[in-house]
Amino acid sequence: MKKASKVINVSDRAGRESSFTKEVLGPLVGMKLTISRMAQNLTGQISPTISYPEERRRYSDRYRGAHILTARQDGTPRCVACYMCATACPADCIYIEPGQHPDPLIEKFPTRFEIDMLRCVFCGYCVEACPEEAIIMSRQSEICALARDETVWGIERLMRRPELKEFGLGFRPNDKLVDSALAVTPKVKQAEKMAGRITLKENVEMIPHVTFDPSPD
Ligand code: SF4
Ligand code: SF4
């Protein structure tokens, strides 16, 4: 014969608690937390708000912000127009037109490379798909435009990134290989010349460093 399941009557248990605990201690414990939070706020111990845009929170080094097209030492894009990023993109917002590269070892380069920033969902799949470290992300989250066509970023816009000194790098395949180099403050003359363009050092094996400094170590 099937055993009857045990029934717990919670209303009975609630009725057994004294009215002092329910009606006095409970609210006091709640009030203690409220008052302690208020005191911490008033004394500045915790500050849940910041004065944006004068103050900004520091986002993770893996933040998925606006993209960067990385460059070779000669300033040309590292991209070999393989379409891996465009194929992986779930928002279908990357447009590439390939051209024949004069160097037969490189074969192709993009004559046109565009990302529609309004369609992009900043998932980072393009970065993960790229076999050349040619596309990485920054921590730039503020993308403003006065016209729709300004939200479609072409090669020039994706490569020349003066904002990076303020925002820094975001999601990329191997953060160990880029951060220390980016911490280098460019010399004034070089900073003007580079205007925030990212250059990869070719002499680092596999995944090169990204740096503002165009001179080799
Ligand atoms: S971040 Fe995602 S949505 Fe944006 S371009 Fe890359 S793959 Fe497409
Ligand atoms: S950015 Fe990378 S994945 Fe996209 S076309 Fe260029 S080389 Fe290929």
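Values in this document were obtained by computation on a predicted structure and should not be read as measured data.

Colleague: Now, about the site of ligand 2: what can you tell me, with residues and values included?
Modeller: Within the structure, ligand 2 sits among 13 residues, and Cys79, Cys82, Met84, Cys85 and Cys130 are positioned closest to it. Taken together, the residues that form the shell around ligand 2 break down as twelve nonpolar, no polar and one charged.

Colleague: Before we move on, could you go through the pairing of strand 3 (residues 108-116) and cite the residues and values that matter?
Modeller: With seven bridges connecting them, strand 2 (residues 94-100) and strand 3 associate as antiparallel partners. Following the sheet pairing, Tyr95 is matched in strand 3 by Glu114. The sheet contact formed by strand 3 and strand 5 (residues 152-153) spans two bridges and is antiparallel. Bridge pairing in strand 5 links Ile115 to Trp153.

Colleague: Which residues make up the site of ligand 1, and what are the values?
Modeller: What surrounds ligand 1 is a group of 14 residues, the closest being Cys89, Ala91, Cys120, Cys123 and Cys126. Class assignment for the residues of the shell around ligand 1 results in 13 nonpolar, one polar and no charged.

Colleague: Quick rundown of the confidence of the model for the protein? Include the residues and the values.
Modeller: This prediction gives the protein a mean pLDDT of 78; 74% of its residues lie at or above 70. Confidence, read as mean pLDDT per element, is least for helix 7 (residues 179-182) in the protein (44) and greatest for helix 3 (residues 84-88) (97). Below pLDDT 50 for its whole length, residues 192-197 participates in 14 contacts with residues either more than four positions away or in separate chains. Below a pLDDT of 50 lies the segment residues 200-217, which in the model reaches 45 contacts outside its immediate sequence neighbourhood of four places, other chains included.

Rules used throughout
Residues numbered from 1 in each chain as written. Chains lettered and ligands numbered in written order. Predicted model: local features only at pLDDT ≥ 70, side-chain atom pairs only at ≥ 80, totals over all residues. Near = placed C-beta within 6 Å. Nonpolar A, V, L, I, M, F, W, Y, C, P; charged D, E, K, R; others polar. Pairing = 2+ DSSP bridges. Helix = DSSP H or I, 4+ residues; strand = E, 2+ residues; numbered from the N terminus. pLDDT = per-residue confidence, 0-100. Contact = placed C-beta atoms within 7 Å.

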